[in-house]
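# Residue-level structural notes
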Amino acid sequence: MKKLSRHQLALSNFPYYKYSFRYAADSLQRMGAETIELYACDPHFHIDDCGIPEARAVYKQLKDRGIKVGCLTPEQCKYPLNIASQNPVSRKRSLEVYVKCIQFAVEMDCSLCQLLTGWSVLDEPLEDAWKRSVESMEYLGHIAEGYGVEIALEVSPRQYATITNSPTTMQFLKEVGSPALHGMIDVACMGDDRKEPVADAIRVLGKELRHVHFGDGNPGGHLILGDGSLDLEGALNQLAEADYKGLVSLEIMNGLYEENPEEAMARSAAWMRERMD
């Protein structure tokens, strides 16, 4: 049976948001992280509060520990970033934050950002927000192309994103038309929220599948691998059979792990490494 490579595994600082960045970096080094998805959150590295000097400082801390940034992901759910906002001031600010994220990725020798497409208020027609979202991503795609950075678009419920599953992702990519934009899947969210089978998402996205968030769930979400009830081994097998070449990033982020994030990440990393070549 085909397996994914261990080099495709990305650990992350997702569960460490109640600890300092230095602690998170030391912890990830202890468990042998080669590549991470960098969750750009406070107090680690919040995009809105940082500039190029801070980006270079974070990059150096990771590089000194032998860790590469495989994907840069800003905090964009808890903080009001919305490139599909009805408010043009809010939309402009959100775009500026995402542009900074793309620039910071370049500073960190990272070629991928994970972004959301923005969301609509629930009492307006979704197609209105969709138009604003497409227009915003056309702009961001142009910027990303200029920097040589790709963007993976995550699906979410309508409260968080205009794209809610793989078919709407493909429609969005078609309308935007930027080669810098791609799709992704979140195994934990798919199991808990949208009920879209992983196999269907892999099939629909095809070559546009650029990134994968991996966590357990049901009940709850983004749990330590093996602590939920999702068919994670099946998902790994399906990715391998599809010859997926991107990163599989451990999005282990649940309030249960705030006090001991190292155990959560280490147990999940061990679970994955046992099942990869």
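Residues numbered from 1 in each chain as written. Predicted model: local features only at pLDDT ≥ 70, side-chain atom pairs only at ≥ 80, totals over all residues. Heavy atoms only, no water.

## Thoughts on the overall build of the protein
Each helix and strand counted, the protein has nine helices and ten strands in total. The C-alpha radius of gyration computed for the protein amounts to 18 Å, which stays within 12% of the reference 19 Å derived for 277 residues, consistent with globular compactness. Judged by the C-alpha coordinates and their principal axes, the protein covers about 45 × 45 × 30 Å. Per-residue burial for the protein yields a buried fraction of 56% across its 277 residues. For the protein, the proportion of contacts with a sequence separation of at least 24, taken over those separated by at least 6, is 77%. Total accessible area on the protein is roughly 11,900 Å²; 50% of this is exposed by carbon and sulfur atoms. (Helix = DSSP H or I, 4+ residues; strand = E, 2+ residues; numbered from the N terminus. Rg over C-alpha atoms; globule rule 2.2 N^0.38 Å. Buried < 20%, exposed > 50% of the residue type's maximum accessible area, 1.4 Å probe, protein only. Contact = heavy atoms within 4.5 Å. Areas by Shrake-Rupley, 256 points an atom, 1.4 Å probe, with all protein chains shown as cover.)

## Side note on the environment of Cys-50
Along the chain, the position of Cys-50 falls in the loop between strand E2 (35-40) and helix H2 (52-64). Along the sequence, Cys-50 and Leu-28 sit 22 residues apart, while their C-alpha atoms lie 22 Å from each other. With residues up to four places along the chain from it excluded, the contact list for Cys-50 reads Phe-45, Lys-100 and Phe-104.

## Examining the packing of aromatic side chains
A full pass over the atoms with the stated rule returns five aromatic pairs. Note on Tyr-16 and Tyr-23: the rings are 6.3 Å apart at their centroids and 55° apart in plane angle, and the pair reads as tilted. Classification of Tyr-16 by relative accessible area gives buried; the value is 0%. Between the aromatic rings of Trp-130 and Phe-172, the centroid separation amounts to 5.4 Å while the plane-to-plane angle is 85°, which identifies the pairing as edge-to-face. Of this pair, Trp-130 sits in helix H4 (residues 126-147) while Phe-172 sits in helix H5 (residues 166-176), placing them 42 residues apart in sequence. Phe-172 sits in the buried class, given a relative accessible area of 0%. Three or more aromatic residues joined by ring pairs make a cluster, and in this case those are Tyr-16, Tyr-19 and Tyr-23. Stacked on the ring of Trp-271, the Lys or Arg Arg-275 has its end atom at 3.8 Å from the ring centre. (Phe/Tyr/Trp six-rings, centres within 6.5 Å; stacked < 30°, edge-to-face > 60°. Lys NZ or Arg CZ within 6 Å of the ring centre and 35° of its normal.)

## Describing the pattern of salt bridges
What the rule picks out here adds up to 13 salt bridges. The partner of Arg-132 in a salt bridge is Glu-124, with the nearest N and O atoms 2.8 Å apart. Among the residues examined, Arg-132 registers a relative accessible area of 18% and is labelled buried. Accessibility expressed as a relative area gives 9% for Glu-124, which makes it buried. Residue Glu-233 is joined to Arg-275 by a salt bridge in which the shortest nitrogen-to-oxygen separation is 3.2 Å. (Salt bridge = Lys/Arg side-chain N within 4 Å of Asp/Glu carboxyl O.)

## Digging into the side chain of Thr-35
Of note, Thr-35 is situated in strand E2. Under the relative-accessibility criterion, Thr-35 is labelled buried at 11%. Those residues in contact with Thr-35 that sit more than four places away from it in its chain are Leu-9, Ala-10, Leu-11, Lys-68, Gly-70 and Leu-247.

## Here we look at the nonpolar core
Judged by nonpolar contacts, the single largest core of 83 residues is most densely connected at Leu-11, Phe-45, Ile-185, Phe-214, Leu-250 and Met-272. If one sorts the elements of this core by residue count, helix H3 (residues 88-107) sits on top with eight residues. Residues within four places of Leu-11 in sequence aside, it is in contact with Leu-28, Met-31, Ala-33, Thr-35, Ile-36, Glu-37, Leu-250, Met-265, Ala-269 and Arg-273. Grouped together as the second largest cluster of nonpolar side chains are five residues, Phe-14, Tyr-17, Cys-41 and Met-253 included. (Core = buried A, V, L, I, M, F, W, Y, C linked by side-chain atoms within 4.5 Å.)

Interpretation in functional terms is not warranted from these geometric data alone.
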